[in-house]
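One-letter residues, chain by chain:
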Amino acid sequence: LIQQCQIRGELLEDQARLQIEVTVRCERDGRRPVPLGLGEGTPLSASIDGGSPVLTHDSQGWTAWVEGKGQHTISFAIQRPLVGSKSLPALVCTIPEAPVTSLELKSLRGVSDVKLAPAAPVTLRPVGDSKPQIEAALGPRSKLDLRWRWSDGPSRDAAPLLRAMSEVTATVEAGVI
């Protein structure tokens, strides 16, 4: 049913804005469900074949309902918080499982140490490049798990912010408690 999934978006300080475009092909007439996942965020907009969508939501995330034979395009924009920490943020969410899934993300800040799980080759570009900073061909997967470091953030070997040293001296006298 799902042929292709394109995930584009922007990484912000504490959230991601994603635009997901899914291409599906239906071989039969009637109404068919297309599981999108993405239940962990706030929808911003949605359309099916450029028109108003029929969407439902449950514990597995969002489902789009397409009508009729042929090829259909589902567009879904969502905003979701980043997880992880300030020094090692992560974008983790369920996504539509397709044979071909591509990822293209931009950010106003530089990124480094970018990792996908399961592993996939990632292309990185500097901030200001006309092309996305992060690009990857994900292949079939139902979950996006992307982790990185901000280039302008603290390094792995950052010095501690505070050091403390203490010394305790005690005198014990016999018969006194």
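Treat the numbers as computed from the prediction; the structure is a model and nothing was measured.

Participant: Break down unusual backbone geometry for me, citing the residues and quoting the values.
Facilitator: With an omega of -5 degrees, the peptide bond running from A117 to P118 counts as cis. With respect to the helices and strands, P118 occurs in the loop between strand 11 (111–116) and strand 12 (122–124). Residues other than glycine seldom take positive phi values, yet D49 does so here, at roughly 55 degrees. One can find D49 in the loop between strand 4 (42–48) and strand 5 (55–58). At D113, a position not held by glycine, the phi torsion is positive, near 50 degrees.

Participant: Outline the sheet that holds strand 9 (residues 89–94), supporting the account with residue identities and numerical values.
Facilitator: Spatial strand order, 8-9-14-11: 4 strands in an open sheet with antiparallel pairing. The open sheet has two edge strands with one neighbour each: strand 8 (83–84) and strand 11. For strand 11 and strand 14 (residues 143–150), the ladder comprises 4 bridges, and the chain directions are antiparallel. Pairing of S112 across the sheet is with R149, part of strand 14.

Participant: Give me the nonpolar core: which residues, what numbers.
Facilitator: Generally speaking, a soluble globular protein has its nonpolar side chains buried in company with each other. Counting residues in hydrophobic clusters, the biggest one holds 38 residues, and the most contacted among them are L91 and L146. Setting aside anything within four residues of it in sequence, one finds L91 in contact with L11, A16, L18, R80, L82, L105, L144, D145, L146 and W148.

Participant: Describe the pairing of strand 10 (residues 100–107), and please don't skip the residues or the numbers.
Facilitator: A regular strand places its side chains on the two faces of the sheet in alternate fashion. Burial of strand 10 is one-sided: the residues T101, L103, L105 and S107 facing one way are buried, the residues V100, S102, E104 and K106 facing the other way are not. In this structure, strand 1 (residues 2–11) lies alongside strand 10, joined through 8 bridges in parallel fashion. Paired with G9 across the bridge in strand 10 is L105.

Participant: Explain the pairing of strand 5 to me, using residue names and the numbers behind them.
Facilitator: Two elements, strand 5 and strand 6 (residues 61–67), share 4 bridges in a ladder whose sense is antiparallel. Across the sheet, the residue bridging to L55 is A64, located in strand 6. The loop that links strand 5 with its antiparallel partner strand 6 comprises 2 residues.

Criteria and cut-off values
- Residues numbered from 1 in each chain as written.
- Predicted model: local features only at pLDDT ≥ 70, side-chain atom pairs only at ≥ 80, totals over all residues.
- Heavy atoms only, no water.
- Helix = DSSP H or I, 4+ residues; strand = E, 2+ residues; numbered from the N terminus.
- Pairing = 2+ DSSP bridges.
- Core = buried A, V, L, I, M, F, W, Y, C linked by side-chain atoms within 4.5 Å.
- Buried < 20%, exposed > 50% of the residue type's maximum accessible area, 1.4 Å probe, protein only.
- Contact = heavy atoms within 4.5 Å.

Geometry only, nothing functional implied.
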